[in-house]
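Examination of the molecular architecture
The chain contents come next:
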Amino acid sequence: MIESQRSISHICFIGAGYVGGPTAAVLARECPHVQVTVVDRNAERIKAWKSDVLPVSEPSLLDVVRGPRDGLNAEKRRNLHFTTDLEGSIQAADTIMVAVDTPTKSRGTGAGYSLDIGRLEEVAMSIAQYATSDKIVVEKSTVPVGTGHTISNILMDNSRVGVNFEVLSNPEFLAEGTAICDLLSPDRVLIGSSDTKSGLSAAQALADVYATWVPRSRIITINLFSSELSKLAANAMLAQRVSSANALSLVCEATGANIDQVMHAVGSDSRIGPHMLRSSFGFGGSCFKKDILSLVYLCKSLHLDDVASYWQSISDINETQKSRAVSRIVSRFNNSMGGKKVAVLGFAFKEGTGDTRESCSIDLVKGLLHEGALVNIYDPYVDKSQILKDLGFGEESSGGSVKICQSGEEACEHTVAVLVATNWDMFRVNPKALMNGVKSSYDDTNGEKEASSKARGVPYGNGSTSCSATGPLYASNGIDSTTEIMTDNCVSINSLENSSESNGSSMETLEDNPTPISTPELDPVRYNEPSTGPRLNGINDGDIPPVSLDWAHVAKAMKYPRIVFGSSRCLDRDVLVSMGFDVELIGRNKRKRN
Ligand SMILES: NC(=O)c1ccc[n+]([C@@H]2O[C@H](COP(=O)([O-])OP(=O)(O)OC[C@H]3O[C@@H](n4cnc5c(N)ncnc54)[C@H](O)[C@@H]3O)[C@@H](O)[C@H]2O)c1
Ligand SMILES: O=c1ccn([C@@H]2O[C@H](COP(=O)(O)OP(=O)(O)O[C@H]3O[C@H](CO)[C@@H](O)[C@H](O)[C@H]3O)[C@@H](O)[C@H]2O)c(=O)[nH]1
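Rules behind the numbers
Residues numbered from 1 in each chain as written. Chains lettered and ligands numbered in written order. Predicted model: local features only at pLDDT ≥ 70, side-chain atom pairs only at ≥ 80, totals over all residues. Heavy atoms only, no water. Near = heavy atom within 4 Å. Polar contact = N/O pair within 3.5 Å; in protein donor to acceptor, adjacent residues only side chain to side chain. Helix = DSSP H or I, 4+ residues; strand = E, 2+ residues; numbered from the N terminus. Patch = residues over 30% accessible without salt bridge, like charges linked within 9 Å, V, L, I, M, F, W, Y side chains within 5 Å. Areas by Shrake-Rupley, 256 points an atom, 1.4 Å probe, with all protein chains shown as cover. Salt bridge = Lys/Arg side-chain N within 4 Å of Asp/Glu carboxyl O. Buried < 20%, exposed > 50% of the residue type's maximum accessible area, 1.4 Å probe, protein only. Nonpolar A, V, L, I, M, F, W, Y, C, P; charged D, E, K, R; others polar. Phe/Tyr/Trp six-rings, centres within 6.5 Å; stacked < 30°, edge-to-face > 60°. Lys NZ or Arg CZ within 6 Å of the ring centre and 35° of its normal. UniProt positions renumbered as here; feature names shortened; annotations may be inferred. Contact = heavy atoms within 4.5 Å. Arc of directions from axis to C-beta.

**Some details on the site of ligand 1**
- Taken together, 25 residues lie around ligand 1, and Val19, Asp40, Arg45, Thr102 and Lys290 are the ones closest in.
- Within the contact set of ligand 1, a nitrogen atom lies 3.4 Å away from a side-chain nitrogen or oxygen of Arg41.
- A distance of 3.5 Å separates a nitrogen atom of ligand 1 from a polar side-chain atom of Glu122.
- With 3 residues, the top contributor of residues to the shell around ligand 1 is helix α5 (residues 118-130).

**Brief notes about a nonpolar patch on the surface**
- Together, Leu302, Leu304 and Val307 line one region of the surface with nonpolar side chains, adding up to about 230 Å² of accessible area.
- Within the fold, Val307 resides in helix α12 (residues 305-331).
- Val307 gets classed as partly exposed once you look at its relative accessible area, which sits at 31%.

**Things to note about the pattern of salt bridges**
- Under the definition given, this model contains 24 salt bridges.
- In this structure, Asp101 and Arg119 form a salt bridge, with 3.3 Å as the shortest nitrogen-oxygen distance. With Asp101 in the loop between β4 (95-98) and α5 and Arg119 in helix α5, this pair connects stretches of sequence that are 18 residues apart.
- Notably, a salt bridge pairs Arg332 with Glu584, separated by 2.6 Å at the nearest N-O pair. With Arg332 in the loop between α12 and β9 (341-345) and Glu584 in strand β16 (residues 582-585), the pair connects residues that are 252 residues apart, well separated along the chain.
- For Arg332, a relative accessible area of 29% gives the class partly exposed.

**Some details on the site of ligand 2**
- Surveying the vicinity of ligand 2 reveals 20 residues, the closest of which are Phe173, Leu174, Asn235, Ser280 and Cys287.
- Between Phe173 and ligand 2, the recorded distance is 2.7 Å, taken from a backbone N or O atom to an oxygen atom.
- Contact between ligand 2 and Phe349: an oxygen atom at 2.8 Å from a main-chain N or O atom of the residue.
- Surface burial for ligand 2 is 91%, taken as the share of its 700 Å² of free accessible area covered by protein chains.
- Broken down by element, the shell around ligand 2 gets its largest block of residues, 4 residues, from helix α9 (residues 224-254).
- Residue composition of the shell around ligand 2, by class: 11 nonpolar, 3 polar and 6 charged.

**Some words on the packing of aromatic side chains**
- Considering all chains together, one arrives at 8 aromatic pairs under this definition.
- Here the aromatic rings of Trp49 and Phe82 are separated by 5.4 Å at their centres, their planes lie at 5°, and the arrangement is stacked. Of this pair, Trp49 sits in helix α2 (residues 43-49) while Phe82 sits in strand β3 (residues 80-83), and the two are 33 residues apart along the sequence. For the pair shown, Trp49 and Phe82 are each scored as buried.
- Of note, Arg188 hangs over the ring of Phe173, and the distance from its end group to the ring centre comes to 3.6 Å.
- For the cation-ring pair, Lys300 lies above Tyr113, with the distance from its terminal atom to the ring centre recorded as 4.6 Å.

**Some details on the UniProt feature "binding site: substrate" (unreviewed entry) in the protein chain**
- When the UniProt feature table is mapped onto this chain, "binding site: substrate" (unreviewed entry) is found at Phe173, Leu174, Ala175, Glu176, Lys231, Gly284 and Lys350.
- Along the polypeptide, Lys231 turns up in helix α9.
- The class of Lys231 is buried, set by a relative accessible area of 6%.
- Among all residues touching Lys231, those that are not within four sequence positions of it are Thr142, Pro171, Glu172, Phe173 and Asp291.
- Note that Gly284 resides in the loop between α10 (259-267) and α11 (288-301).
- By relative accessible area, which is 13% here, Gly284 ends up buried.
- Those residues in contact with Gly284 that lie beyond four places of it in its chain are Phe349, Arg357 and Glu358.

**Quick word on α10**
- Within the sequence span of α10, burial applies to Ile259, Asp260, Met263 and Gly267. Down the axis of α10, the buried side of the element spans an arc of 100°, and every buried residue falls inside it.
- For α10, the side-chain oxygen to backbone nitrogen distance between the N-cap and Asp260 is 2.8 Å, and the N-cap itself is Asn258.

**Things to note about unusual backbone geometry**
- Note the cis peptide between Tyr560 and Pro561, where omega equals 10°.
- You can see Pro561 is positioned in the loop between α18 (551-557) and β15 (563-566).
- Phi at Ser60 is positive, roughly 75°, even though this residue is not glycine.
- Tracing the sequence through the fold places Ser60 in the loop between α2 and α3 (61-70).
- By relative accessible area, which is 0% here, Ser60 ends up buried.
- For Arg562, which is not a glycine, the phi torsion comes out positive at approximately 55°.
- Relative to the helices and strands, Arg562 resides in the loop between α18 and β15.

Structural data, given as structure tokens:
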């Protein structure tokens with residue numbers, strides 16, 4: 001049993017991925033008195049974490065890493081280390097945070113639904129085998145309910161005599177693209193433990209570490225099962241909101257209602273709130289689908305079939321949304337897409353990241369190819385090889401039906417339809433520039449962005465010193481005042497001492513903030529250049545922004561009927577129609593002018 005009044009001074013993270021790396025870096029930065037070691041079996045990844053070309057792309061991440069890793073912090077102390085030495089790292093640590101991947105099982109019982117905790121079990125075996133002193137073992141990974149007990153059993157059954165373990169659950173809630181802000185200023189930190197004296201003491205010790213920078217009121221301690229279930233439930237409920245918006249978008253398309261107006265009206269009810277209500281081509285990303293399906297599996301295992309069906313329907317609506325989008329385009333061509341060229345702009349699963357896991361673009365492109373279309377794709381934040389891999393092609397084996405383009409203009413050349421699948425700022429219609437007959441460019445909007453961000457007290461510009469909101473960033477083109485609501489939960493990395501005070505959230509309607517807000521103050525990418533290191537796709541500190549799409553050029557380059565299809569977040573129907581485009585918006589019926 002672990003002694004009470006325990007304190008934590010050396011943490012080992014196992015798993016140096018999207019969660020492990022950034023979480024360890026923020027913890028090391030905020031707690032200079034704690035030694036933090038990050039270990040991974042992937043030597044390439046560890047090498048990259050030791051370099052300035054990090055394997056994970058997140059705004060401001062490099063700055064956060066370099067302080068404690070290179071001794072560039074105020075204390076001039078290095079307390080963040082990356083290594084492949086699992087045995088030594090386990091032995092040196094008093095606390096081990098496990099952040100390995102838990103994908104959906106691909107075979108065996110529960111395949112396609114259940115989370116695969118094999119890597120976690122493997123790590124538990126290693127901890128049991130190498131540990132020579134008591135350890136707190138923390139599940140950072142998203143896991144099925146009951147995993148904590150499984151891990152406890154593995155540790156107890158395989159450890160040395162006299163070595164004790166306490167297993168905690170501490171799920172992570174960061175979203176990609178805003179990871180640093182989310183970690184610095186979390187809505188809550190959840191710590192689950194057993195309710196024994198030693199369990200509560202371990203939970204308290206971990207809470208004390210977080211309390212260095214997170215207000216105590218935001219640190220929630222609950223039981224182990226509740227904590228594990230809360231993570232799955234949070235993702236399921238966030239996805240449920242998106243699916244609700246998307247389900248209603250179909251009702252809007254069939255009636256005279258406008259989805260943006262409806263979601264604005266609904267989200268204005270303080271009991272509902274405005275977040276995660278943007279209709280889209282569907283939610284993507286590595287977590288939502290996998291975690292909902294895990295919840296479905298749990299319910300089925302508990303013989304709660306109607307509950308399982310309820311959660312399943314959220315995933316089903318998401319699939320329908322993607323296939324309906326393809327049908328909507330295809331029906332505009334009398335169901336005959338053979339040989340017709342279509343552009344898909346954006347391949348990442350959301351703006352602000354280069355990650356393509358479960359991106360709706362994959363299904364949109366596959367659906368169009370199935371109909372016989374030729375598809376041009378452009379996303380400067382995603383490597384060509386990644387796109388071809390996601391579509392199931394080898395390097396150049398798409399049979400000519402897919403072309404990965406170097407610019408949005410090239411992608412739209414000779415196309416009959418353009419789908420804006422990721423709401424990148426660069427695809428946004430800039431009405432002011434267009435009205436003035438000026439070529440729209442990213443730089444055109446910088447003055448406005450700067451003014452806007454200053455007004456909101458957000459540092460603008462160099463992504464290495466600032467970051468933006470947690471949660472959805474309701475970027476606005478400044479046109480449809482009913483469409484967007486922005487969150488403003490921003491912190492400056494320069495004023496980290498105050499981060500715990502600065503995490504209050506406020507909402508403003510567009511009228512309060514009529515200028516375009518980009519995705520997090522993005523560290524731009526130098527596009528069209530091959531990636532130079534083992535970094536994942538995405539936005540990297542110090543890169544240069546891509547130029548915005550020149551919609552005037554696109555109007556000339558496309559062929560009749562020049563359909564542009566996407567969400568009103570990026571596309572202003574009136575401006576595009578005035579330029580000669582035929583505009584289809586998610587959740588709007590063109591003929592009813594809603
Ligand atoms: N990506 C997100 O935004 C996010 C957010 C919240 C929670 N999560 C959850 O966190 C967990 C980790 O996700 P991720 O996106 O960081 O995964 P990831 O794939 O980016 O990273 C996992 C890392 O673990 C390493 N690893 C796997 N098995 C190992 C072993 N036996 N020994 C040493 N290293 C090992 C892998 O090499 C990899 O580097 C998952 O459960 C995920 O659901 C992810
Ligand atoms: O109103 C909205 C909000 C989001 N999306 C889409 O939903 C998906 C997921 O978006 P988001 O939640 O912002 O990104 P993730 O990085 O997947 O983060 C989610 O998944 C993580 C992994 O578990 C959790 O930690 C986070 O809390 C949770 O937000 C993306 O395709 C978005 O485009 C919409 O379509 N409409």
